[in-house]
Amino acid sequence: MSDLSASPVIPVNTVTRLADYRVPEFLIEKTHLTFELYEEYTDVSSRLTITRNPKSTKADDLVLHGEQLELRSLAIGERTLHPGDYQITPHSLTVRNVPEQFVLHCTVRIYPEKNTALEGLYCSSGMYCTQCEAEGFRKITYYLDRPDVMSEFETVIIAREGAFSTMLSNGNCLSDTMQDGKRIVHWHDPFKKPSYLFALVAGNLVCLEDHFITQSGREVLLQIHTEAKDHDKCHFAMQSLKKAMHWDEQTYGREYDLDRFMIVAVDDFNMGAMENKGLNIFNTSCVLAHPASTTDAAFQRVEGVIAHEYFHNWSGNRVTCRDWFQLSLKEGLTVYRDSEFSADMNSRAVKRIEDVNLLRSVQFVEDAGPMAHPVRPDAYMEISNFYTVTIYEKGAEVVRMLANILGSERYRQATDLYFDRFDGQAVTCDDFVQCMEEVSGRDLSQFRLWYSQAGTPQLHISDSYDADHQQYSLTVHQHTPATPGQTEKKALHIPLKVALYGNQGALALIIDGQIRDAETVLDICQTQQTIVFEQVAEHPVPSLLRGFSAPVRVFYDYQLDQLQKLILLDSDGFCRWDAMQSLMRIVLSKAIDNKGDHAEQAMLMDTLRRLLTDHTAMDAALLARMLELPGEQYLASLYDKANPPAINQARTQLQHKLATQLQTELMSCYQALQNSASGLSAQAMAARNLRNQALMYLLQIDDTHYRDLAQQQFSQADNMTDQFAALRGLVHAEHARIEAQAALQVFYQQWQHEALVVNMWFQVQATRPWGNVLQEIQQLLQHAAFDARNPNKLRAVIAAFANQNFARFHDSSGNAYQFLAEQIADIDQRNPQMASRLLTPLTHWHQFIDEHASLMRKALESLSQRELSKDVYEVVSKSLNERNVG
Ligand code: B3K
Ligand code: ZN
């Protein structure tokens, strides 16, 4: 890291290290805040009850965090402080020689109207809202803005009478009064919390209300606040919230604690949502939903995000993180919790497939490149850069492994212990594992390496069958590639779930004379390990890494007929899909490498035909997933040096071939599903999913009949899923230009007043895999409906293009790379967090053949010449540092 601190732009001290963690020198028992909202500025007065931390031996000086604040007054008790009594830097306020215990009074002025970074207090469509995680509170007032300082908050909001209908903060509302032409609303949160969970909202909003009775019989008021035009789009989120509250009581014994739970929908938001105590703030895209204007996928996302933020009330808020290195303590656990919730609400296998797809195509890539970091990082420059797929998704896999190692009963005992023991405290990942250890009596010291060691472990598995002794052995070799700063890797504890398939189905498993279930977990702990199965009467087909029991890459040389057997027979839906992915991958890699692929293709065609012919025999949602070819991003990750045009070409051609050869089956599947149930039941969604997958394939064929079919579906659809699938199919099929143009126009006309649907309209164009998309993107950026300050619009156009349009983003000219760099430089001036997030695709340069890699690096280098925010600087400099690459 020392090379980073050598930069002229960034001061030396900006790398924060886990090894330097010290307990806070002061504690803030009580935090009283008064916000006076005026049209051009806001005055924030704080009254902080501060004591020395008995656990700290250091310092007579009080050092508070603070950024972009105009100090107006400062006092300790009755004593006003003057400039000589304190010192201000761009990041801090230091008061010298403070007593053991005192009350600090401070007033600062801030300018929410000018806040384009969307961190701290800012304005979105005329409403005031906050985003404090991770370090945004310091832009609101001077404070100990660190998660291990937990305080009881009281908030008073004052505004001109009539200015806002809704004025909210955390906890319970104590009073709401009028005085001298001003409205004064007083809130109190009885639960101690760190400043990152503080929230305030003031706006003209309407509210959907409901109630929930907790398992102990308490009534909780539930509210979803939105702009009036969106009032009819909150019903689904409310139902999801109630389901989540019920699920957490049933599954984790966790009950809601306050008298009310509020959600507010905001248009301009840097991420999906935020779990502020009792007052969750949501990006409109993660809360609003209506069948006419929302796709099934978006409905499921709303359900998942509502649950995620709600679950944080325990995993994050009641028990929080000691420091930001422990971020995965709350995020990994909460993602695991929400993913199990979604699995229970919908198709378990499909949820698993979605999670694994994300992990393989994004997290594994991060873990193999210059930005790789452990689930618990050792150092950061800007913590906002560490809200990564590694912290979230790999972190969730680590919790899942623990749950599987312990078994459901013990896991529940361990989480009970964790929540009870650490309630109201700020703790570490180690504390969590310690609870797992205590309850199970297992030694998890080797398992802990999952938190500190970066990189994706590779398991090379070979097998042999000894007919004479009726023994079947699996030999597993594990290896984790080097990552930045970690060249030597240790062997991990990897739970490998397996089953063996014989001619009549799954075999009984006997290891070391002990009979196990037909599905068993092998604890892989050594670099090389052989497991011998006894009394095996036939050479079996191994079903490996069932349910994706560990976040690893498995290499096993399957024969084609073995894969077909697993696709058709495996009892684990995830494994059926995974075997299909392997078969498709084999066909595709032969095509990419220009090798003959006849036998493989014939096998693939035959298998797909069988599945399609008998499509009613399986979950339609799972079948829809099984028809999908592996994504280009994922295919690229399988190569040391991937060639983007070759990958795109192979995949497009195979898609076309499958469509042509299976068109009869696809068409009859499409027709059979035409009259399936409507509505939002899992079954109805699954049918739409499969039907639209069939349509997407049929549209690969240049035939007016299929284009007519899509046009018909587009104009007759009574739900957004079908309408949008038809639009997407037309826009993405090169031979449907004319129909696509017309459909795009109609769609815009129809939906121009629904911002979230307009975003889909942007996105479908930005992801079109053919033609001069870059040129069109430039036009979209000029479109009246585009707004460069709105993160959802940036995601719909720029992020969609860079992350979801592999073919055009990786155009051999490199123009798209340069375009992205320029956009990032511009966005960085206003919103560093967004800019830094948009950089991710360029940081993957290491995946590609030299022609592409060097063009991507060139784009990064052009950025590095500019004046950058700390956020963008950290990512650019780390991703350009070749020594970093493992
Ligand atoms: N905890 C927030 C993420 C905050 C990101 C800050 N840059 C949302 C979530 O994970 O639930
Ligand atoms: Zn979260």
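All figures in this text were calculated on a predicted structure; none of them were measured in a lab. (Residues numbered from 1 in each chain as written. Chains lettered and ligands numbered in written order. Predicted model: local features only at pLDDT ≥ 70, side-chain atom pairs only at ≥ 80, totals over all residues. Heavy atoms only, no water.)

This brings us to the coordination of the zinc ion (ligand 2). The coordination sphere of the zinc ion (ligand 2) contains the protein donors His308 (NE2), His312 (NE2) and Glu331 (OE), at a distance range of 1.9 to 2.1 Å. Counting along the primary sequence, the residues that act as donors to the zinc ion (ligand 2) give the motif H-x3-H-x18-E. Residue histidine 308 is found in helix α3 (residues 296–311), and its partner glutamate 331 is found in helix α4 (residues 327–345); the two are separated by 23 residues along the sequence. With respect to burial, histidine 308 and glutamate 331 carry one shared label: buried. (Donors = N, O, S within 2.8 Å, 3.2 Å for Na, K, Ca; no water. Helix = DSSP H or I, 4+ residues; strand = E, 2+ residues; numbered from the N terminus. Buried < 20%, exposed > 50% of the residue type's maximum accessible area, 1.4 Å probe, protein only.)

Turning our eyes to something else, we now look at the sheet that holds strand β4 (residues 62–65). Overall, antiparallel pairing links the three strands, which are arranged β4-β8-β7 in an open sheet. Each having just a single partner strand, β4 and β7 (86–89) make up the two edges of the open sheet. This sheet shows a mean twist of 15 degrees between the axes of neighbouring strands, independent of strand direction. Pairing of β4 with strand β8 (residues 92–95), which is carried by four bridges, proceeds in the antiparallel orientation. Among the inter-strand pairings, leucine 64 is bridged to a residue of β8, identified as leucine 93. (Pairing = 2+ DSSP bridges. Axes fitted to C-alpha atoms, helices over the stretch in contact; angles between N-to-C directions.)

Another aspect to go through is the packing of aromatic side chains. Here the structure, examined in full by the defined rule, presents 41 aromatic pairs. Taken together, a centroid distance of 5.5 Å and an interplanar angle of 80 degrees make the contact between phenylalanine 261 and tyrosine 310 edge-to-face. In this pair, phenylalanine 261 is assigned in strand β19 (residues 260–266) and tyrosine 310 in helix α3, connecting sequence segments 49 residues apart. Residue phenylalanine 261 is classed as buried on the basis of its relative accessible area, which comes to 2%. Relative to phenylalanine 747, the ring of phenylalanine 724 has its centre 6.2 Å away and its plane inclined at 45 degrees; by these criteria the two rings are tilted. (Phe/Tyr/Trp six-rings, centres within 6.5 Å; stacked < 30°, edge-to-face > 60°.)

This paragraph deals with the domain arrangement of the protein. Along its sequence, the protein is organised into domain 1 (27–282), domain 2 (319–452), domain 3 (458–556) and domain 4 (557–633 + 648–701). The straight-line distance from the C-alpha centre of domain 1 to that of domain 2 is 27 Å. Buried area between domain 1 and domain 2, both sides added, is near 1,800 Å², and the carbon and sulfur share of it is 56%. Interface area lost by domain 1 to domain 2 is led by Trp247, Tyr252 and Arg254, which between them contribute 37%. Counting across the domain 1 and domain 2 interface gives five salt bridges. Notably, a salt bridge pairs arginine 254 with aspartate 416, separated by 3.5 Å at the nearest N-O pair. Seen at the junction of domain 1 and domain 2, the total is nine residue pairs in polar contact (both at pLDDT 80 or more). Considered class by class, the residues forming the side of domain 1 that touches domain 2 number eight nonpolar, four polar and seven charged. (Domains from an automatic or database assignment. Buried area = accessible area lost by both parts, 1.4 Å probe. Salt bridge = Lys/Arg side-chain N within 4 Å of Asp/Glu carboxyl O. Polar contact = N/O pair within 3.5 Å; in protein donor to acceptor, adjacent residues only side chain to side chain. Nonpolar A, V, L, I, M, F, W, Y, C, P; charged D, E, K, R; others polar.)

A few words on the confidence of the model for the protein. Note: predicted coordinates in regions of low pLDDT should not be interpreted at a detailed level. When pLDDT is averaged along the protein, the result is 96, and 98% of the positions lie at 70 or above. With pLDDT under 50 throughout, residues 1–13 is counted as low confidence; its partners more than four residues away or in other chains account for 16 contacts. (pLDDT = per-residue confidence, 0-100. Contact = heavy atoms within 4.5 Å.)

Before going further, it helps to examine the packing of helix α17 (residues 682–698) against helix α19 (residues 720–732). Where α17 contacts α19, the axes come no closer than 10 Å and their chain directions differ by 15 degrees. Here α17 is positioned roughly parallel relative to α19, judged by the angle of their axes. The two elements α17 and α19 meet at a crossing, and its hand is right-handed. Facing Arg688, Arg691, Asn692 and Leu695 of α17, the residues of α19 in contact are Thr721, Asp722, Ala725 and Ala726. (Parallel < 35°, antiparallel > 145°, perpendicular 65-115°, else oblique. Left-handed = near helix turned anticlockwise from the far one by under 90°.)

For the rest of this paragraph, the subject is the environment of glutamate 219. Mapped onto the secondary structure, glutamate 219 falls in strand β18 (residues 219–226). For glutamate 219, a relative accessible area of 48% gives the class partly exposed. Spatially, the C-alpha atom of glutamate 219 lies 9.9 Å from that of tyrosine 256, the residues being 37 residues apart in sequence. A distance of 3.4 Å separates the side chain of glutamate 219 from the side chain of histidine 211, its partner in a polar contact.

A separate point is the nonpolar core. Among the nonpolar cores identified, the biggest contains 223 residues, and Tyr418 and Phe533 are the most heavily contacted of them. The element best represented in this core is helix α11 (residues 573–592), accounting for ten residues. Ignoring any residue separated from it by four or fewer positions in sequence, one finds phenylalanine 533 in contact with Gln470, Gln471, Tyr472, Leu474, Val498, Leu500, Leu509, Ile510, Ile511 and Leu522. (Core = buried A, V, L, I, M, F, W, Y, C linked by side-chain atoms within 4.5 Å.)

With that out of the way, let us pick up the pattern of salt bridges. Per the counting criterion, the structure on display carries 61 salt bridges. Aspartate 210 is paired through a salt bridge with lysine 242; the nearest N and O atoms lie 2.8 Å apart. You can see aspartate 210 sitting in strand β17 (residues 206–213) and its partner lysine 242 sitting in helix α2 (residues 235–252), a full 32 residues away along the chain. Relative accessible area serves as the criterion here: at 21%, lysine 242 is assigned to the partly exposed category. Sharing partners across several salt bridges, the network here consists of Glu340, Asp344, Arg348, Arg352, Glu397 and Arg400.

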